[in-house]
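Take a look at the letters that make up each chain.
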Amino acid sequence: GVAIRVFTPHEDRDGWNSSHSLVQVVTRDDPFLFDSLTMAINREGYPIHRAMHPVLAVSRNAAGQLQGIPDTASDGNGNRFESFIHFEIDRIDDEARVDALRQSLLETIGQVHAVVADFGAMRNKLQSILATEEQDTKRASLPDFTESCAFLRWLLDDNFVFLGYREHLLEVVDGEDQLAIVANSALGILRKTPGPDSDDSYCQSFSALPPEVRRLARTPELLVITRSRSESRIHRPGFMDYIGIRIIDERGAVTGEHRFLGLYTSMAYTRETNSIPIVRRKAEYVITESRCKPNSHTARALTDILENYPRDELFQIADEELLGNALGILHLQERQKTTLFIRRDPFGRFYSCLVYVPRDLFDTRARALIGDVLMHRLLGDSIEFSVKISESVMARAHFIVHTSQPSDMPPAAEAITAEITGAIRPWSHYLHDALVERCGETEGDRLFRLFGGSFRADYQESYPPPVAVDDILLLDSMSAPGDIAMELFHVADDERLHFKLFSAGTPIPLSNALPMLENMGLRVIEEHPSIVHLSGDQRTWIHDFSLQHDVGQLALDDLKPVFKDAFARIFRGDVASDGFNRLTLRAGLGWRRINILRTYASYLKQLGGTFSMEYISQALVANAPLATRLIELFETRFDPTENDSRQADTDRINQDIVIALEAVASLDEDRIIRSLCAAINASIRTNYYQTDAAGNQKNHIAIKFDCGLVPDMPEPRPRFEIFVYSTRFEGIHLRGGPVARGGLRWSDRAEDFRTEILGLVKAQMVKNAVIVPTGSKGGFVARQLPVDGDREQILAEGVACYRLFISSLLDITDNIVAGAIQPPPRVVRHDADDPYLVVAADKGTATFSDIANEVAGQYGFWLNDAFASGGSVGYDHKA
């Protein structure tokens, strides 16, 4: 009898975990029972958390009812040993799965009971068959008869676990060979149980074989040693070994077969080959046919190869094939290259594949890749493997690929070997090849020495070596912590845009990068970070962003340098991260050209305009062609290149803008664009085309306005004003006339500092009338003061912005040299000579006069230390 209970306790009690299900089995104590039930539970996919297996002597009555559990079993009193087995497994809430598990356990127990009950009968059957064979003197002429009989005796010497037996007769049915099952011959697991090896009359597994394979059953050889298609459910997992003993009549014809299924015992795998019949003869054949001297190095090496050869293979492989494989393995010690040896099962049910791989290339990943290649190329249904890694330079993996669609053509071992070699070849080897191909041998070797071992496994799995070469070239261009590099690209078969951002020393927080990309009109879908380990403890982070945009088809080759330059400037803080940057992709505009529009938008906001900077940027992005025309208008007016048609071109662009505005549906957008156009036309000087001492374009834009031409300007209107824009600071300087004097202040009114300055200039015009004809006033705001900075840090930033502000004013102011007016370089002037610029100390700049005079001195400005009053010289402007 058998009792099985599968249930889940409702609460933790008696050491039972309510998050687990319990499996409890009570049945007679048979060998293999506990191991076989463990296999059954694992096969159903349930990890075992705890297991117990007490064996008790119990007393039951004739009805099987428990009468007691005595201390010891006694004979003749109905006592017997029973297994009380307890498993704790993952929780099962599905009743159908519970039933499936219970059925699997019942089938396993049934097989165990059948095997144990028939074990003696199966041994006796083999002994009887062996005795019959040995007594028939005519059998001695069969190939390997003596060795075959010795092998059968060896099996009986506790080297084989008998699991099943059945006798078959070879018959011809409808012109085809069939194996008929001899009634009442089945023992062990081959009793009438469901499975491919069971049928009422004929062996179905034999019937399923192709006719040419079935014909092999008539080969007059005593033994057939191979593997069954059925997995063992008893003792240990794995496909069962198949021992077939052919029944041969007096004429030498095969008339049937005795079939034994089972498993070799552990002793069969540990004994030396020279002690195992059949195997020892094959070993002798290899040594003899290899023609090596006895006790030579080669003979000892071949012997070692055979001792370590998969033992199951030695039972099954043909002599000639074993010789070829053994010699091939022997030569691997010299060549150390990936090599495959394939043996096809004579019945076409599986392929045995021995794969030798240089040990430093073999790991779990390589093993899985090899298995994938073999499954694909050999049309496998399932695969099993074993691995042997020793002190040898080669690792060995033995794969058994089971197939239901064997090919008539022998597998192309060389082609499969080449595919395996390519699959397991280290990523770094491909990287070296790609570097040499791209950069040449010398440079490729240098880069590989620097970066070949820098990429982690997750990077290698995500990026092929050619992509890594692109990354390495960027990494090589980065020299110091804090450096960044980037790449914008498309991936084949992917509509999304990809942006790689490299950061040396520290990773870039997503909260910093995402707003920058989104302000450029990109939606970040996902980010894939990687760490590159350089020499020492240096690290570089690679952020790979997958992006979406709504621009349509991008001319990426043209946009890439523009985009990268813009992002680098935004990242460093040289360019504001705002909606204007969407014009980079929308209109293909570089950051400096976009800064022209940003400068004018900021100026209009200071004039008291009703539209925010973001709203203005939206209007320009929605009308990108008009935004480009506005920039072209600015460039036409101020490009210092000689242009005889400057005015005509200006008029034409203005007319084009007016016509294009007719198609603008939004009144707000119309007003914004008209205001920007008017402000550009009211501009009379700019430093936009100037460069610094190093030849770099200036990052701050100064524009001088004729205030009489600026529409909607609040009263009173100055005669001139200069607006300076940069991400670091903004400033304004208002003048009542050509000759005017007034101070510059450090304003803290970031949103409306012009309003503050305009109120002050009214009083200044009256106050300074006794010194100069009119007054002036100016001020600046610092926009990047250090957060939580101390007084010295804040003052240092304020002084730096003050210097840039003074420089910006002087950039577009005429000088007097040797009594003659000298216009500033690379400045197109739309006004008359204007050399008079004087500044004074004011709120926040009381101690800055010497700084202003120093800057003026650098420009060689004609007023010298009269440029700013209140300094150490104390120049008297009135005098």
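Residues numbered from 1 in each chain as written. Predicted model: local features only at pLDDT ≥ 70, side-chain atom pairs only at ≥ 80, totals over all residues. Heavy atoms only, no water.

## A word on the overall build of the protein
For clarity, the cut-off: Helical segments are the DSSP runs of H or I of at least four residues, strand segments are the runs of E of at least two, and each set is numbered from the N terminus. In this description the radius of gyration comes from C-alpha coordinates, and the expected globular size is given by 2.2 Å times residues to the power 0.38. Areas reported here follow the Shrake-Rupley algorithm with a probe of radius 1.4 Å; residue values treat only the protein chains shown as occluding. None of His or the chain ends enter the tally, which takes Lys and Arg as positive and Asp and Glu as negative. Just so you know, the charge point we use is NZ for Lys, CZ for Arg, CG for Asp and CD for Glu.
On a plain count of helices and strands, the protein comes out with 27 helices and 30 strands. Taking 29 Å as the expected radius of gyration for a compact globule of 879 residues, we find that the protein reaches 46 Å, considerably beyond that expectation. Its C-alpha atoms give the protein principal-axis dimensions of roughly 140 × 70 × 55 Å. Summing over all exposed atoms, the protein offers an accessible surface of approximately 40,700 Å²; the carbon and sulfur share of this is 51%. A distance of 2 Å separates the average location of the 93 positive side-chain charges in the protein from that of its 124 negative side-chain charges.

## Let's talk about unusual backbone geometry
Of note, the amide linkage connecting E715 to P716 takes the cis form, showing an omega dihedral of -5 degrees. With respect to the helices and strands, the residue P716 is situated in the loop between strand 22 (701-706) and strand 23 (720-725). Unusually for a residue other than glycine, N184 sits at a positive phi of about 60 degrees. When you line up the elements, N184 lands in the loop between strand 8 (176-181) and strand 9 (187-188).

## Here's the deal with the sheet that holds strand 25 (residues 740-746)
Which entries qualify depends on this criterion: Two strands are counted as paired when DSSP detects at least two bridges linking them. By definition in these notes, contact holds between two residues if any of their heavy atoms fall within 4.5 Å. To get an axis, fit a line to the C-alpha atoms, keeping to the stretch in contact for a helix; angles then go from 0 to 180 degrees between the N-to-C directions.
Taken in spatial order, the eight strands make up an open sheet running 21-22-23-24-26-25-29-30, and their pairing is mixed. The sheet is open, and its two edges are formed by strand 21 (683-686) and strand 30 (868-869), each paired on a single side. Pairing analysis gives six bridges linking strand 23 to strand 24 (residues 729-735), with the strands arranged antiparallel. Paired with F720 across the strands is R735, a residue of strand 24. Along the sheet, helix 25 (residues 753-767) makes contact with strand 23, strand 24, strand 25 and strand 26 (774-782), crossing strand 26 at roughly 155 degrees.

## What about the environment of A841?
Put simply, the rule reads: Exposure is judged per residue with a 1.4 Å probe applied to protein chains only, and the accessible area is read against the type maximum: over 50% gives exposed, under 20% gives buried, and values in between give partly exposed.
As for its position among the elements, A841 is in the loop between strand 29 (838-840) and helix 27 (849-859). With relative accessibility at 33%, the residue A841 sits in the partly exposed group. For the pair A841 and S869, spaced 28 residues apart in sequence, the C-alpha separation works out to 7.0 Å. Excluding its chain neighbours within four sequence positions, the residues that come into contact with A841 are G743, L744, A846, S849 and S869.

## Notes on the sheet that holds strand 19 (residues 522-533)
Strand order in this open sheet of four strands is 17-18-20-19, and the pairing throughout is antiparallel. What marks the edges here is a single partner per strand, and that holds for strand 17 (484-490) and strand 19. Across the sheet, the mean angle separating the axes of adjacent strands is 20 degrees when strand polarity is ignored. Judged from the eight bridges that link them, strand 18 (residues 497-504) and strand 20 (residues 539-549) form a sheet pairing that is antiparallel.

## Some thoughts on the environment of G759
Among the secondary structure elements, G759 is positioned in helix 25. Separated by 43 residues in sequence, G759 and P716 have C-alpha atoms that sit 9.2 Å apart.

## Things to note about the packing of aromatic side chains
Where we set the bar: Each aromatic pair joins two rings of Phe, Tyr and Trp (for Trp, the six-membered one) with centres within 6.5 Å, and gets the label stacked for planes under 30 degrees apart, edge-to-face for over 60, and tilted for any other angle.
For the structure shown, the criterion picks out 38 aromatic pairs. On the numbers, 6.4 Å between centres and 80 degrees between planes, the contact of Y264 with Y269 is edge-to-face. Geometrically, the ring pair formed by F385 and F399 is tilted, given 6.3 Å between the ring centres and 40 degrees between the ring planes. Taken as a pair, F385 in strand 15 (residues 382-388) and F399 in strand 16 (residues 394-402) lie far apart in primary sequence, 14 residues in all. Taking relative accessible area as the criterion, F385 reaches 44% and is therefore assigned partly exposed. Members of the aromatic cluster, joined through ring pairs, are F119, F151, W154, F160, F162, Y165, F260, Y264, Y269 and F315.

## Section: the nonpolar core
Rules: Residues belong to a common nonpolar core when they are buried Ala, Val, Leu, Ile, Met, Phe, Trp, Tyr or Cys residues joined through side-chain atoms within 4.5 Å.
Within the largest apolar cluster, 88 residues are counted, with the highest numbers of intra-cluster contacts made by V23, L101, F151, L152, L155, I243 and Y264. A per-element tally of this core places helix 2 (residues 95-135) first, with 10 residues. The contacts of L101, once residues within four sequence positions are left out, are V6, V23, I41, E44, Y46, I89 and I92. In terms of nonpolar packing, the next biggest core, distinct from the first, is built from 54 residues, F638, V664, Y688 and V710 among them.

## A word on the packing of helix 8 (residues 297-308) against helix 10 (residues 319-335)
Put simply, the rule is: The cut-offs work like this: below 35 degrees is roughly parallel, past 145 is roughly antiparallel, 65 to 115 is roughly perpendicular, and the gaps in between are oblique. Crossing handedness is defined as follows: a turn of the near helix away from the far one that is anticlockwise and smaller than a right angle gives a left-handed crossing, while the clockwise case is right-handed. Nonpolar residues are Ala, Val, Leu, Ile, Met, Phe, Trp, Tyr, Cys and Pro. Charged residues are Asp, Glu, Lys and Arg, and all others, Gly as well, are polar.
Here helix 8 crosses helix 10 at 115 degrees, and the two axes come no closer than 10 Å. What the angle tells us is that helix 8 and helix 10 run roughly perpendicular. Helix 8 and helix 10 meet at a crossing whose hand is right-handed. Contacts between helix 8 and helix 10 involve T298, A301, L302, I305 and L306 from the former and L322, A326, L327, I329 and L330 from the latter. Of the residues that constitute the contact of helix 8 with helix 10, the class distribution is nine nonpolar, one polar and no charged.

## A few points about the pattern of salt bridges
Short version of the rule: Salt bridges are defined by distance alone: a side-chain nitrogen of Lys or Arg within 4 Å of a carboxyl oxygen of Asp or Glu.
Counted under the stated rule, the structure contains 59 salt bridges. For E307, the salt bridge goes to R311, with nearest N and O atoms at 4.0 Å. On the basis of relative accessible area, E307 is assigned to the partly exposed category, the value being 27%. Take R311: its relative accessible area is 6%, and that puts it in the buried class. D649 serves as the salt-bridge partner of R652, at 3.7 Å between the closest nitrogen and oxygen. Remark: D649 and R652 occur in helix 23 (residues 646-661); sequence separation between them is three residues, near one turn of the helix.

## Examining helix 26 (residues 791-811)
Our working rule: What a helix should span is 1.5 Å times the count of its residues minus one. Whenever two N or O atoms come within 3.5 Å, that pair is a polar contact, provided that in protein one can donate a hydrogen and the other can accept it, and provided that, for residues adjacent in sequence, both atoms are side-chain atoms.
Counted at 1.5 Å a residue, the expected span for helix 26 with its 21 residues is 30 Å, and the 30 Å between its end C-alpha atoms agrees. When helix 26 is considered as a whole, its buried residues turn out to be E797, G798, V799, C801, Y802, F805, I806, S807, S808, L809, L810 and D811. The backbone nitrogen of E792 lies 3.3 Å from a side-chain oxygen of the residue at the head of helix 26, namely D790.

## A look at the environment of S207
Tracing the chain through its elements places S207 in helix 4 (residues 204-207). On the accessibility criterion, S207 (22% relative accessible area) is partly exposed. Expressed as a C-alpha distance, the spacing of S207 and E176, which sit 31 residues apart in the sequence, is 9.1 Å.

## Some details on the confidence of the model for the protein
Detailed reading of the predicted coordinates is not advisable wherever pLDDT falls low. Applied cut-off: The pLDDT score gives, residue by residue, the confidence of the prediction method on a 0 to 100 scale.
Averaged over all residues, the pLDDT of the protein equals 90, while 96% of them reach at least 70. In the predicted structure, residues 193-199 sits below a pLDDT of 50 and forms 18 contacts with residues beyond four places in sequence or in another chain.

## Structural notes on helix 2
What counts, and what does not: A residue's bend is simply the angle between two axes: one fitted to the seven residues ending at it, one to the seven starting at it.
Under the 1.5 Å per step criterion, the end-to-end length of helix 2 is 58 Å for 41 residues, consistent within 8% with the ideal 60 Å. In the structure, helix 2 departs most strongly from a straight axis at D118, where the bend amounts to approximately 50 degrees. If you check the start of helix 2, you find a side-chain oxygen 2.9 Å away from the backbone N of A96, and it comes from D94.

## Section: the side chain of T599
The residue T599 is located in helix 20 (residues 591-606) in this model. Once you skip the residues sitting within four places of it in the chain, T599 turns out to touch I701, I703, F723 and Y725.

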